[in-house]
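# Structural description and commentary
Residue-level listing of the chains:
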Amino acid sequence: MADELMRLQLADEEGVFAVRQAGRHVAAALNYPHHDQVRVATALSELGRELYSSYGRVSVAFRLERRVDSNPGLVIELAFDRRPNVPAPREGVAAAARLMDLVEEDGTDRRGIIRTRKNLPSGSRFTDDELDGLRLRLREINPVTALEELRAQNADLLDSLEESRCRGEELQQLNAELEQTNQGVMALYSELSEELEKTNQGVVALYAELDEKTEQLREAVETKNRFWASISHELRTPINGIVGLARLLLDPQNGSLDDEQQRQVSLVVDTGAAMLGMVDELLDMAKAEQGRLVPRPGLVDTHSMLGQLTALLAPIAKRDGLTLTVDAADAPPVLLTDEVMLTRVLRNLLGNALKFTDAGKVRLTVRSAPDKVTFIVADTGRGIPPADLERVFDEFYQVPGVSAAGTGLGLPYARRLAEILGGDLSLESALGEGTTVTVRLPTHRPLADLGLRHVLLVGGETPRRALRGLVENAADRVSEAPDAAAALRLAASAPPDLVLLGPGADVTGLPPEAIVVAVAEGTASGPPPPRADATLSRDHLDPVLLAETVRQIRERRTRGDR
């Protein structure tokens, strides 16, 4: 909405001065600051002078534009009749554009309009009554002569020059302060540069020392591993010989022994067997340090494995007057893991618990969750001091004051194996109350939980039938292809998530996002087909192993490995 404040006709040279004067008075009445009053007056003077000289009579209208969504503003429209072959004004429009917030040209072929706008200061508002009073005051403005307007312009110019001089002095003062600040900054920068240079030298020296220590540590670890491996191999043969000879002595066919002799020879057999176990642990620790101890996952009958452990350790518990119990009611019937490694972990933990428990009981509890299975070994033994709870995982460390025999390798060995199996091992203990060791291992996810949309089976009819039985309830769609050409046609129409290649089948050109698993006859020891992500043996293939293989391939791809 625009409210007209006043209208003037610019019909002669004197009118240019009148328009300038009116612009200054209107801007002052609308509470513009002095410098904006000068800008409005100057813009009108430039536009009015050029339009009058080019087109003659010019109509000038002053309006207050009030908008709901923005600040109000003073809008000035200069209307004129166009003349043939007279170019549009340019200098006046360019000058006004530098002084006003908006300058635009409008009109028709015969009538031209130049519209300018100067926004009011923020927060300025005028009521209708205030505008009526403003119009009355503007009507009372008396035209001035050119000389008086020139005097007013000179006064404005002097004010501007004085303002410029003051700003120049302020700028010089600011430049002086900035120079002082820059000198201080340069001094501080120089000081910081020196400090940084010294720090960098120290860091370089520290890195060099760390590199040297790292190399020394690496050499020490390699020496230790070579020593362990050498000692393990050197000890295995004589210990096996001692155990073998002692068992021969215990054989009744080689002559009878009295009770004391049998006890002594049995002690030799037990000690030799324990030493062989320690040698095996040393060798495995050396392999683990070098990254050569690799799990061989397979399906493990959990209850059968726990039964064998109980049968092995129950006589030891009975001999020492201890109670050994196994709670496997919540154990999963089948685990996908390395049975040998898991058995060694549990045997080590249960053996430690029996060794360091003088009276009471040792209990193994198995708990199952959707994403993990937990083995908890708890005893009522002597406990471990708080200061030693982490140190017991250092190789060869033994808690001071403990008389039971041991090498200090049991817990480090068990933790290392648990980590190799993809899990972890933690320990809690209280002096005089006992110790609890918890082993957590990941569980397998069934094929149906992997979100497979399309599975493609490639190969002969008999292998495809067997593979379909594995995946038909685990995917939204299962397709079959007898050869590579048919497989590529199916993959092009509906890209598969998983491709199973039967024995002897191979397909190149499959979508890169598809997971390809080859199924081999017998053991999967040979190299896989070029496009296969993994190879599984047909003799041991089942849904659990296939699901774990697909999960591992996905995790490998997520890490950026192919």
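Computed from a prediction, not measured in an experiment: that's the story for all the values here.

On to the packing of helix 1 (residues 13–29) against helix 2 (residues 34–55), then. Relative orientation of the contacting elements helix 1 and helix 2 amounts to 155°, with a least axis distance of 8 Å. Taken together, the axis directions place helix 1 and helix 2 in an arrangement best described as roughly antiparallel. Considering how the two elements wind past one another, helix 1 and helix 2 form a crossing that is right-handed. Of helix 2, the residues touching helix 1 (which contributes Glu 13, Val 16, Val 19, Arg 20, Gly 23, Arg 24, Ala 27 and Ala 28) are Gln 37, Val 40, Ala 41, Thr 42, Leu 44, Ser 45, Gly 48, Arg 49 and Tyr 52.

Turning next to the nonpolar core. Formed by 40 residues in total, the largest nonpolar core has its most connected members in Leu 342, Leu 346, Leu 349, Phe 375, Leu 425 and Val 439. Among the secondary structure elements, those contributing two or more residues to this core are helix 7 (302–319), helix 8 (339–355), strand 9 (361–368), strand 10 (372–379), helix 9 (410–420), strand 11 (424–430) and strand 12 (434–442). Sorting elements by how many residues they give to this core places helix 8 first, with eight residues. Aside from chain neighbours lying at most four places away, what touches Leu 425 is Leu 349, Phe 393, Ala 414, Arg 415, Ala 418, Val 437, Thr 438 and Val 439. With 34 residues, the next largest nonpolar core counts Ala 27, Leu 78, Leu 120 and Leu 138 among its residues.

Turning to helix 1, a few remarks are in order. Helical geometry: 3.6 residues make up each α-helical turn, so side chains three or four residues apart lie on a common side. The terminal C-alpha atoms of helix 1 lie 25 Å apart, and with 17 residues this matches the ideal 24 Å at 1.5 Å per residue to within 8%. Regarding helix 1, the residues found buried are Gly 15, Val 16, Val 19, Arg 20, Gln 21, Ala 22, Gly 23, Arg 24, Val 26, Ala 27 and Ala 29. Between a side-chain oxygen at the N-terminus of helix 1 and the backbone nitrogen of Gly 15 the separation is 2.7 Å; the capping residue is Asp 12. Looking at the residues trailing helix 1, positive phi occurs at Asn 31, about 70°.

This part is about helix 2. For helix 2, built from 22 residues, the straight-helix expectation of 32 Å at 1.5 Å per residue is met to within 8% by its first-to-last C-alpha distance of 31 Å. Looking one or two residues beyond helix 2, the residue adopting positive phi is Gly 56, at roughly 85°.

This paragraph deals with the packing of helix 7 against helix 8. Contact geometry of helix 7 with helix 8 gives a least axis separation of 11 Å together with a crossing angle of 25°. If you check the angle between helix 7 and helix 8, you find them roughly parallel. Taken as a pair, helix 7 and helix 8 cross one another with a handedness that is right-handed. Judged by residue contacts, Met 305, Leu 306, Leu 309, Leu 312, Leu 313, Ile 316 and Ala 317 of helix 7 engage Glu 339, Leu 342, Thr 343, Leu 346, Arg 347, Leu 350 and Leu 354 from helix 8.

The subject of this paragraph is the pairing of strand 12. With seven bridges connecting them, strand 10 and strand 12 associate as antiparallel partners. Looking at strand 12, one finds that Phe 375 is bridged to Val 439. Joining the antiparallel neighbours strand 11 and strand 12 is a turn of three residues, in which Gly 432 adopts a positive phi near 80°.

Reading the values: rules and limits
- Residues numbered from 1 in each chain as written.
- Predicted model: local features only at pLDDT ≥ 70, side-chain atom pairs only at ≥ 80, totals over all residues.
- Heavy atoms only, no water.
- Axes fitted to C-alpha atoms, helices over the stretch in contact; angles between N-to-C directions.
- Helix = DSSP H or I, 4+ residues; strand = E, 2+ residues; numbered from the N terminus.
- Parallel < 35°, antiparallel > 145°, perpendicular 65-115°, else oblique.
- Left-handed = near helix turned anticlockwise from the far one by under 90°.
- Contact = heavy atoms within 4.5 Å.
- Core = buried A, V, L, I, M, F, W, Y, C linked by side-chain atoms within 4.5 Å.
- Buried < 20%, exposed > 50% of the residue type's maximum accessible area, 1.4 Å probe, protein only.
- Expected span 1.5 Å × (residues − 1).
- Polar contact = N/O pair within 3.5 Å; in protein donor to acceptor, adjacent residues only side chain to side chain.
- Pairing = 2+ DSSP bridges.

What is shown is where atoms sit, not what they do.
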